[in-house]
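Geometric and topological summary
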Amino acid sequence: MQTVSTEWRAASRRARWSALAGAALWLVLLLVSFKSVTGIAAIERLMLLGVLVIVPLGLSLVAASGDDARALFTYRLATLAQPFGAAAAVAALRLEQGLYAGLLACVWLAVTGTIALYGLARVWTRRTLRAEELALDAGLMYVSVGGAWFVMSRLGWQPLGFGSAIVLLTAV
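Residues numbered from 1 in each chain as written. Predicted model: local features only at pLDDT ≥ 70, side-chain atom pairs only at ≥ 80, totals over all residues. Heavy atoms only, no water.

Here we come to the overall build of the protein chain. From N to C terminus, the protein chain includes 6 helices and 0 strands. Shown N-terminal to C-terminal, the secondary structure of the protein chain runs as helices and strands in the order α-α-α-α-α-α. By the compact-globule yardstick of 16 Å for 172 residues, the protein chain fits well, its C-alpha radius of gyration being 17 Å. Classification of the 172 residues of the protein chain by burial places 41% in the buried group. (Helix = DSSP H or I, 4+ residues; strand = E, 2+ residues; numbered from the N terminus. Rg over C-alpha atoms; globule rule 2.2 N^0.38 Å. Buried < 20%, exposed > 50% of the residue type's maximum accessible area, 1.4 Å probe, protein only.)

Let's shift gears to the environment of Ala138. Note that Ala138 resides in helix H5 (residues 131–155). A residue is classified by how much of its surface remains accessible, and Ala138, at 40% relative accessible area, is partly exposed. Spatially, the C-alpha atoms of Ala138 and Ala121 are 11 Å apart, while their sequence positions differ by 17 residues.

On to the packing of aromatic side chains, then. Taken as a whole, this structure holds 1 aromatic pair when the rule is applied. Both rings, one in Tyr75 and one in Tyr118, keep their centres 4.9 Å apart while their planes meet at 50°; by these two values the pair is tilted. Of this pair, Tyr75 sits in helix H3 (residues 69–94) while Tyr118 is found in helix H4 (residues 99–125), placing the two residues 43 residues apart along the sequence. For Tyr75, a relative accessible area of 0% corresponds to the buried category. (Phe/Tyr/Trp six-rings, centres within 6.5 Å; stacked < 30°, edge-to-face > 60°.)

What follows deals with a nonpolar patch on the surface. A cluster of nonpolar side chains, contributed by Leu46, Leu160, Phe162, Ile166, Leu169 and Val172, occupies part of the molecular surface with about 580 Å² of accessible area. Note that Phe162 resides in the loop between H5 and helix H6 (164–171). Classification of Phe162 as partly exposed rests on a relative accessible area of 35%. (Patch = residues over 30% accessible without salt bridge, like charges linked within 9 Å, V, L, I, M, F, W, Y side chains within 5 Å. Areas by Shrake-Rupley, 256 points an atom, 1.4 Å probe, with all protein chains shown as cover. Salt bridge = Lys/Arg side-chain N within 4 Å of Asp/Glu carboxyl O.)

What follows covers the side chain of Gln82. Mapped onto the elements, Gln82 comes out in helix H3. Judged by its relative accessible area of 2%, Gln82 is buried. A polar contact of 3.0 Å, which involves the side chain of Gln82, links it to the backbone oxygen of Val51. Not counting residues up to four positions away in its chain, the partners in contact with Gln82 are Ser18, Val51, Val55, Pro56, Trp108 and Val111. (Polar contact = N/O pair within 3.5 Å; in protein donor to acceptor, adjacent residues only side chain to side chain. Contact = heavy atoms within 4.5 Å.)

Inspection of the secondary structure assignment puts Ala78 in helix H3. Look at Ala78 and you get buried, because its relative accessible area is 1%. Along the chain, Ala78 and Ala110 lie 32 residues apart, while their C-alpha atoms are 9.3 Å from each other.

Turning our attention to the nonpolar core. The biggest cluster of nonpolar side chains holds 37 residues, and the ones touching the most others in it are Met47, Leu52, Leu59, Trp108 and Phe150. Going through the elements one at a time, helix H1 (2–31), helix H2 (41–61), H3, H4, H5 and H6 are the ones with two or more residues in this core. Here the element with the most residues in this core is H3; it accounts for 9 residues. The residues touching Leu59, leaving out its near neighbours within four places in the chain, are Ala15, Tyr75, Ala78, Thr79, Ile115 and Leu140. (Core = buried A, V, L, I, M, F, W, Y, C linked by side-chain atoms within 4.5 Å.)

Attention shifts here to H5. If you check H5, its first and last C-alpha atoms are 37 Å apart, about what 25 residues at 1.5 Å a residue would give, namely 36 Å. Within H5, burial applies to Asp137, Leu140, Ser144, Gly146, Gly147, Trp149, Phe150, Val151, Met152, Ser153 and Arg154. Buried residues in H5 make contact with H2, H3, H4 and H6. Gly156, located one to two residues past H5, shows a positive phi value of around 85°. (Expected span 1.5 Å × (residues − 1).)

This part is about the pattern of salt bridges. Counted according to the given criterion, the structure contains 3 salt bridges. Glu133 is the salt-bridge partner of Arg122, the closest N and O atoms lying 2.5 Å from each other. Within this pair, whereas Arg122 is found in helix H4, its partner Glu133 is found in helix H5, the two being separated by 11 residues in sequence. Among the residues examined, Arg122 registers a relative accessible area of 7% and is labelled buried. For Asp137, the salt bridge goes to Arg122, with nearest N and O atoms at 2.5 Å. Taken together, the residues Asp137 in helix H5 and Arg122 in helix H4 connect sequence positions 15 residues apart. A residue is classified by how much of its surface remains accessible, and Asp137, at 0% relative accessible area, is buried.

Here is the structure:
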C-alpha cells in the first residue's frame, strides 16, 4: 500500500512541476511577440494558459490515494503525456489551420482522452457517491470535449456555422 501511495504522490508532483514549467513558458510566450496566425491572439493565449498551466495544475490537485491499479495507471499516463500534448498544442497554434495543425491537435486530444479515462476510473472505483467527488470526475471527463473542439479549431472546421473564434473559445 505504501508503494502505491508513493506512486500517486510522484505523479502529482510531476503534474505540479509541469504546471510550473508551463507557466514559465506561457509567460515567455506572452513577452515574445505572439503574432496570431488566425487573428484571434487573445483567445490563443487563453488556450495556451489552459494547456500549459490549468490542466496540469488541475491534475496535480485530483490525485487519489487509493490502491486501484486502473486509476493509478491512467493518472500516471495522463501526467506523463501532458507535457508532450501541451508541446503539440503550442505547435498546432503556431501553424495555420489545416491538416498538420489538426494532427498536432490530435495529440492534445489523446491527452484529454486519457484524463477523461482517469475521471471515469475514479467514478468506477468509488464506493460512495459524494457530490464533490462526482463534480471533480465530471470535470476530468469534460476536458476531452475541449480537446475535440481544439482539433476542430485547428482543422479549420466551423460546425453549425460558428466562427473560428467561437470554436476556439469552446476548446478553451
